[in-house]
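Listed below, chain by chain, are the residues.
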Amino acid sequence: MTQRFPAPQAETLLRWYDRHARTLPWRVSPDDRARGVMPEPYRVWLSEIMLQQTTVAAVKAYFQAFTQKWPDVMSLAGADEDDVLKAWAGLGYYSRARNLKACADVVAGEHGGRFPETEEGLRALPGIGPYTAAAIAAIAFDRPASVVDGNVERVISRIHAIETPLPQAKPEIRERTAELTPQTRPGDFAQAMMDLGATLCSPRQPACALCPWTDACRARASGTAETFPRKAAKAAKPTRRGMAFVAVRDDGAVLLRQRPRKGLLGGMSEPPTSVWAPDAATDDLSLAPLQLNWRQCLAPVRHTFTHFHLEMTVWRAAAAADVAAPDGHWWSTPEALGGEALPTVMKKAVAAGLGKD
Ligand code: SF4
């Protein structure tokens with residue numbers, strides 16, 4: 001006989017959320033929300049942009065630093081883009097930082113500092129895709145938008161034991177989420193779904209015994225929860241190679257330059273690097289920015305981007321105090337280095353060049 005499952009109910013999840021909501025710096029607690037406190041759209045937007053591809057744990061400190069420095073969208077719009085990139089350094093996916101600034105400019109310049117309240121209006125802003133628009137509309141403005149992130153995909157695919165692999169399953173998951181989304185408290189519901197996925201319905205060993213939807217969950221009943229969501233096999237990522245040149249002056253200053261505004265790590269700082277390609281040379285010293293006595297560091301720096309692995313051979317050289325920086329380059333003193341807009345991969349290269357790897 002086929003087992004029958006009750007439909008999951010939004011109210012059941014909201015009751016669980018009222019007791020177990022995570023405390024997050026950008027969140028208004030369910031108690032405060034019940035008292036009529038609304039989240040600030042600026043803080044919701046900022047947190048959602050930061051959380052794209054990044055964990056809550058990594059985002060918290062950046063969120064605090066950003067909101068201290070730029071407490072509202074008008075102050076962020078008035079900021080220098082290079083300062084925003086510096087504050088973002090280490091969070092990764094740097095086009096997000098440039099879009100953050102562009103979005104603040106549009107909200108300040110064209111919307112009088114107020115974020116649009118609809119998904120459609122939000123999607124028209126730089127850097128806001130369908131997911132982020134739905135999340136802001138729901139959380140900041142209590143619109144019944146269906147908000148589907150990786151956590152929600154996991155919960156929904158398990159509840160309904162959806163056999164279609166991702167990404168093909170996305171429309172079905174979105175539909176199931178939309179069916180479930182209540183007209184009352186849709187913002188809390190969206191956050192409750194995220195919390196359920198982030199805490200109990202974890203990728204490995206979900207805590208089904210504590211889950212408010214355990215009776216409704218097909219994957220739990222068949223003991224197959226960990227196998228959902230199903231995923232299509234991924235193509236292997238190619239490896240690109242390249243060189244980084246870390247010149248260190250007598251006083252400890254490191255030679256840096258800015259990457260082109262457009263493209264990967266656009267506008268961020270770096271020690272001079274070569275082009276990255278699968279068959280790129282790793283010992284062509286004619287590419288070095290200065291004629292110095294270059295020595296190869298033992299291990300290459302490895303970093304994984306969305307579409308490829310990078311293996312960068314680091315070359316280091318000492319430079320005399322009077323060596324001038326080539327055009328477009330500058331010497332960054334030990335005191336200034338920590339505040340440079342160096343993405344993680346470039347921090348690794350500098351550390352290798354300074355012998356700190
Ligand atoms: S019962 Fe288990 S697998 Fe199903 S939604 Fe809850 S935690 Fe996830």
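The model shown is predicted, which means the values in this text are computed figures rather than measured ones.

**Q** If you had to explain helix H11 (residues 170–180) to someone new, which residues and values would you point to?
**A** Within the span of H11, buried status applies to Ile173, Thr177 and Leu180. An end-on view of H11 places all buried positions within 60° of arc, on one side of the element. Along H11, the residues that are exposed and aim more than 90 degrees away from the buried face are Pro171, Glu175 and Glu179. Where the residues of H11 are buried, they touch helix H1 (10–20), helix H10 (150–159) and helix H12 (186–198).

**Q** Describe the nonpolar core, and please don't skip the residues or the numbers.
**A** Judged by nonpolar contacts, the single largest core of 69 residues is most densely connected at Trp45, Trp88, Leu100 and Phe115. Looking at which domains feed residues into this core, each of domain 1 (10–227) and domain 2 (239–353) supplies at least three. By size, the runner-up hydrophobic cluster in this structure holds 27 residues, among which are Trp16, Met193, Leu196 and Cys217.

**Q** How would you explain the site of the ligand if you had to name every residue and give the values?
**A** Within the structure, the ligand sits among Arg158, Ile159, Cys201, Cys208, Cys211, Thr214, Cys217, Arg220 and Ala225. A majority-of-atoms criterion places the ligand in the largest cavity. Per-class residue counts for the shell around the ligand are 6 nonpolar, 1 polar and 2 charged.

**Q** So what's going on with the environment of threonine 333? Residues and values would help.
**A** Along the polypeptide, threonine 333 turns up in the loop between strand E7 (329–332) and helix H14 (334–337). Taking relative accessible area as the criterion, threonine 333 reaches 27% and is therefore assigned partly exposed. Along the chain, threonine 333 and cysteine 297 lie 36 residues apart, while their C-alpha atoms are 21 Å from each other.

**Q** A description of the layout of surface pockets should follow, citing residues and the corresponding values.
**A** In this structure, the largest pocket encloses a volume near 1600 Å³. Forming the boundary of the largest pocket are 49 residues, of which Gln53, Asp149, Gly150, Glu153 and Lys170 lie nearest the centre. Among the secondary structure elements, those contributing two or more residues to the lining of the largest pocket are helix H3 (41–51), helix H4 (56–69), helix H9 (130–141), H10, H11 and H12. Considering every element that reaches the lining of the largest pocket, the biggest residue donor is H10, with 5 residues. Residue composition of the lining of the largest pocket, by class: 22 nonpolar, 13 polar and 14 charged. Here the second largest pocket is characterised by a volume of approximately 440 Å³.

What counts, and where the lines are drawn
- Residues numbered from 1 in each chain as written.
- Predicted model: local features only at pLDDT ≥ 70, side-chain atom pairs only at ≥ 80, totals over all residues.
- Heavy atoms only, no water.
- Buried < 20%, exposed > 50% of the residue type's maximum accessible area, 1.4 Å probe, protein only.
- Helix = DSSP H or I, 4+ residues; strand = E, 2+ residues; numbered from the N terminus.
- Arc of directions from axis to C-beta.
- Contact = heavy atoms within 4.5 Å.
- Core = buried A, V, L, I, M, F, W, Y, C linked by side-chain atoms within 4.5 Å.
- Domains from an automatic or database assignment.
- Near = heavy atom within 4 Å.
- 1 Å grid on protein atoms, 1.4 Å probe; cavity = no way out; pocket = protein on both sides within 12 Å on 5 of 7 lines; lining within 4 Å.
- Sits in = over half its atoms within 2 Å of the grid points.
- Nonpolar A, V, L, I, M, F, W, Y, C, P; charged D, E, K, R; others polar.
- Points joined across faces, edges and corners; volume = space filled by probe spheres on them.

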